[in-house]
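Fold and contact review
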Amino acid sequence: MNKRKISVILLSAIMAFTMMFAGTSSVFAADSTTIPTLPDDLTNAPELVSGSGFNAANPDTSVYRVYKLIAP
Amino acid sequence: MFNASKKCLYTNYEYTSFTDQFTTHFGVNAGTYYFAVRTYESTYVINTDFTATTSKTSSKRSGAILLKRGVTKTGTLALNGPSSSWYKIRLTSSRKVKIDAKAMVGGAGNYGDIQVDIYRISDATSSPSLITSLSSYSPSKTLNPYTIGNNNKLPAGTYYIRVTKYHNGNGGYSLKWSYR
């Protein structure tokens, strides 16, 4: 079976940002710390590709932003 | 973290400060997944790296994968996979043995480890008996299994190594054994 292991690095609030992600990614409101329910339409979810990432603006801390990841 | 059917596989959170960064490891099978991310910071960076593990694995002792001396095998205990992988080594004579186990598991907010157990079957009719157990609390450890009263040597025979999730730990690992 072809398996992959994934490392996810989340780095918060770096001042030296030169670009903020402002695409049409899927976001949805979070009402609590319980497990979120994903929205039906995730066609615009940006894809996390190995070796790269996103600088994300997060003006509304009450919403989740959804990323897609395809493990090869 | 969700699978392609939007079923939640994992959820947690981590406290960070202004310039904190953290890495967490997930073991997954091939497929599509979704990450839902929420932070209390106004900006953040999210990066991913994939690391392939190449070994054939077996979730049953009857299909244990033979480990050759000095050869490193890598494997994955996936979030959405079996809880254990089985390997075996064969000793043709009584020897002192060491097993190097490395783990890439857990990380910020993703708790749990990978446990490595070594079993011996003394004869064809016996049940496996546990001789060494290691919870991989650090990324790299060396196991020195022995049987009592045998000058730290293992008698000739077949030994089984079970790599298993400990407190739902998941991620990657490598195993290599040699004489010591």
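Quick summary incoming for the structure in this document. Just so it is clear, the structure is predicted and the values come from calculations on it, not from any experiment.

1. A few points about the overall build of chain A
Within chain A, the regular secondary structure consists of zero helices and five strands. Ordered by position from N to C terminus, the α and β elements of chain A give β-β-β-β-β. Taking all 72 residues of chain A together, the buried fraction comes to 28%.

2. Thoughts on the overall build of chain B
Each helix and strand in chain B was counted, giving zero helices and 13 strands. Secondary structure of chain B in N-to-C order comes out as β-β-β-β-β-β-β-β-β-β-β-β-β. Every one of the 180 residues in chain B was classed for burial, and the buried ones make up 32%. Sequence separation of at least 24 residues holds for 72% of the intrachain contacts in chain B that already meet a minimum separation of 6.

3. Examining the nonpolar core
In terms of nonpolar packing, the biggest core is built from 44 residues, with Tyr67 of chain A together with Tyr33, Tyr34, Phe35, Ile114, Ile161 and Leu175 of chain B touching the most fellow members. Looking at this core, the element that brings in the most residues is strand β8 (residues 97–105) of chain B, giving six residues. Other than its neighbours up to four places away in sequence, Phe35 of chain B contacts Leu48, Val66, Tyr67 and Leu69 of chain A together with Met1 of chain B.

4. Considerations on the sheet that holds strand β6 (residues 73–77) of chain B
Residue and element names in this part refer to chain B. Strand order across the open sheet formed by four strands is β6-β13-β8-β11, with antiparallel pairing between neighbours. Across the chains shown, the open sheet's two edge strands, defined by having one partner strand only, are β6 and β11 (140–143). Between one strand and the next, the sheet's axes are offset by a mean angle of 20°, whatever the strand orientation.

5. Points about the pairing of strand β13 (residues 171–179) of chain B
Residues and elements named next belong to chain B. Pairing between β6 and β13: five bridges, direction antiparallel. Counted as the bridge partner of Thr74 is Ser174 from β13. With nine bridges joining them, β8 and β13 adopt antiparallel strand pairing. Across the sheet, Val105 pairs through a bridge with Gly171, a residue of β13.

6. Description of unusual backbone geometry
Residues and elements named next belong to chain B. Located in the positive-phi region is Asn151, a residue other than glycine, with phi close to 55°. Secondary-structure assignment places Asn151 in the loop between β11 and β12 (157–166). Even without glycine at this site, Asn152 takes up a positive phi of about 65°. When you line up the elements, Asn152 lands in the loop between β11 and β12.

What counts and what doesn't
The numbering scheme is per chain: residues are counted from 1 as the chain's sequence reads. Ligands are numbered from 1 and chains lettered from A, in the order in which they are written. Where local features are concerned, this predicted model is filtered to residues with pLDDT of at least 70; where side-chain atom pairs are given and counted, the filter is 80 or more; whole-chain, interface and lining totals use all residues. Elements are defined by DSSP. Helices are runs of H or I of four residues or more, strands are runs of E of two residues or more, and each kind is numbered from the N terminus. The exposure scheme places C-beta atoms from the backbone and then counts, for each residue, the other C-beta atoms within 10 Å of its own, assigning buried at 20 or more, exposed at 12 or fewer, and partly exposed in between. Contact between residues is assigned whenever the C-beta positions, reconstructed from backbone atoms, fall within 7 Å. Here, a nonpolar core means buried Ala, Val, Leu, Ile, Met, Phe, Trp, Tyr and Cys residues linked by C-beta atoms lying within 7 Å of one another. By this definition, two strands are paired if DSSP reports at least two bridges between them. Fitted lines through C-alpha atoms give the axes, limited to the stretch in contact for helices. The angle between two N-to-C directions lies from 0 to 180 degrees.

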